[in-house]
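Observations on the model geometry
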Amino acid sequence: PRAPQPSERMMGRVQVWLVEAPLRWARLPRDGRRLISYVSILAALSVLELGAGLATADGALARDALHVLAGCAVLMLNLRALVIGHERPPRLELVAAFSVSCFLAFTVVALLAEGYRVKGEMFSEYRHPASLMAPSSVRVAIDALGAAMFFTKGAEWIGDFSSAREMNLHALFLFALADGFRSARVPISQWVHDVMGGESQNTEWGEAMFAAGCIVYNAHPLMRRTLRALFGATHARARIEALARCDKELKRIPGVSDVVEARAFKAKGSGELVAHVTLRVSDGVDDAVVVKAARGVYNATVGATGGHVDCTVYLERERGREDLPK
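Procedures and definitions
- Residues numbered from 1 in each chain as written.
- Predicted model: local features only at pLDDT ≥ 70, side-chain atom pairs only at ≥ 80, totals over all residues.
- Heavy atoms only, no water.
- Core = buried A, V, L, I, M, F, W, Y, C linked by side-chain atoms within 4.5 Å.
- Buried < 20%, exposed > 50% of the residue type's maximum accessible area, 1.4 Å probe, protein only.
- Helix = DSSP H or I, 4+ residues; strand = E, 2+ residues; numbered from the N terminus.
- Contact = heavy atoms within 4.5 Å.
- Expected span 1.5 Å × (residues − 1).
- Arc of directions from axis to C-beta.
- Pairing = 2+ DSSP bridges.
- Phe/Tyr/Trp six-rings, centres within 6.5 Å; stacked < 30°, edge-to-face > 60°.

**Regarding the nonpolar core**
Membership of the largest hydrophobic core comes to 40 residues, with the highest contact counts inside it found for Leu35, Tyr38 and Leu75. Listing elements by their share of this core, those giving two or more residues are helix H2 (30–56), helix H3 (59–84), helix H4 (91–119), helix H5 (133–149), helix H7 (164–196) and helix H8 (203–231). The element best represented in this core is H7, accounting for 10 residues. Leave out the neighbours within four places in its chain, and Leu35 touches Leu75, Asn78, Leu79, Leu82, Phe150 and Leu172.

**A word on helix H9 (residues 234–251)**
Between its first and last C-alpha atoms H9 spans 26 Å; for 18 residues at 1.5 Å apiece the expected length is 26 Å, and the two agree. Taken together, the buried positions of H9 are occupied by Ala236, Arg239, Ile240, Ala242, Leu243, Cys246 and Leu250. Axial view of H9: buried residues confined to an arc of 155°, hence all on one face.

**Section: unusual backbone geometry**
For Ala57, which is not glycine, the phi torsion reads 55° and is therefore positive. Inspection of the secondary structure assignment puts Ala57 in the loop between H2 and H3. Take Ala57: its relative accessible area is 71%, and that puts it in the exposed class.

**Section: the pairing of strand S2 (residues 273–281)**
Burial analysis of S2 places seven of its nine residues in the buried class, the great majority of the element. In terms of strand pairing, S2 meets strand S3 (residues 309–317) through eight bridges, oriented parallel. When the sheet's bridge partners are listed, Arg280 is paired in S3 with Glu316.

**Quick notes on the packing of aromatic side chains**
By the definition in use, this model includes four aromatic pairs. When the ring of Phe103 is compared with that of Phe106, the centres are 6.2 Å apart and the planes differ by 40°; the resulting orientation is tilted. Taken together, the positions of Phe103 and Phe106, both in helix H4 and three residues apart, correspond to about one turn of that helix. A relative accessible area of 10% means that Phe103 is categorised as buried.

Laid out in structure tokens, this is it:
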């Protein structure tokens with residue numbers, strides 16, 4: 001038989017990829033699909049911005065686009081952690097969250113440097129380049145969408161019993177929030193100039209400082225927790241490893257097909273360790289057996305590092321959600 005030509009082999013590979021791509025997409029976790037969508041839109045806009053900056057020799061456009069593209073590259077580690085994090089030790093997701101924290105620190109330094117440079121030109125006619133208005137305004141909308149995607153699981157304040165997955169999702173939420181603050185300074189500055197006219201002098205300095213302050217306020221708990229978990233106290237690592245073991249043990253309970261959500265935290269006031277677990281179970285399983293097994297898993301793993309756990313279990317089925325009392 002005739003050997004296939006290189007073009008035919010390439011076409012065959014493309015056809016196989018077109019068939020497998022939807023299947024691979026469907027197998028991705030929901031948060032992974034959301035992250036791919038967010039990063040794809042953000043990167044596409046940044047590539048267009050970079051091309052426009054190079055074509056017009058506009059350094060401000062090129063620098064802005066390169067900053068966002070660097071952030072998208074950092075988020076690839078978060079995507080890797082979301083896809084395979086449940087199969088690996090929690091260190092991968094901790095490193096991903098810490099890398100986002102470092103990028104946010106770099107963003108703060110860049111904003112402070114910009115503010116210092118602008119303040120040196122106080123009472124001058126400095127303005128953000130007009131070319132930044134359109135991409136910054138569009139990026140604010142994209143970042144608002146990204147923050148909304150990860151708000152449900154990622155917006156919780158990082159606590160002592162936050163898992164590596166919660167830290168990773170919180171880092172994604174903070175990335176979108178921080179990039180939104182950084183991008184919003186351009187249209188806000190233009191709006192202030194339009195409203196106040198010649199009476200406004202260098203509002204860019206105040207907006208850069210405000211954006212940097214918002215990022216520091218929201219991101220410093222994540223950086224502190226990830227630093228402690230990676231390089232600090234042994235008990236912090238033990239808690240996170242216990243939470244990771246807990247997720248794996250919950251999936252091994254007969255009749256449990258997936259762990260939708262598993263959160264542990266200390267109740268305000270009493271300081272009691274509380275856990276909320278949502279499990280997706282197949283039809284026909286005994287609810288009482290699953291609930292008892294889930295509570296036993298939490299007390300055997302997480303409870304070993306924090307005492308008795310008051311665990312509430314929720315079961316989800318294909319026909320809807322069943323909330324079972326404690």
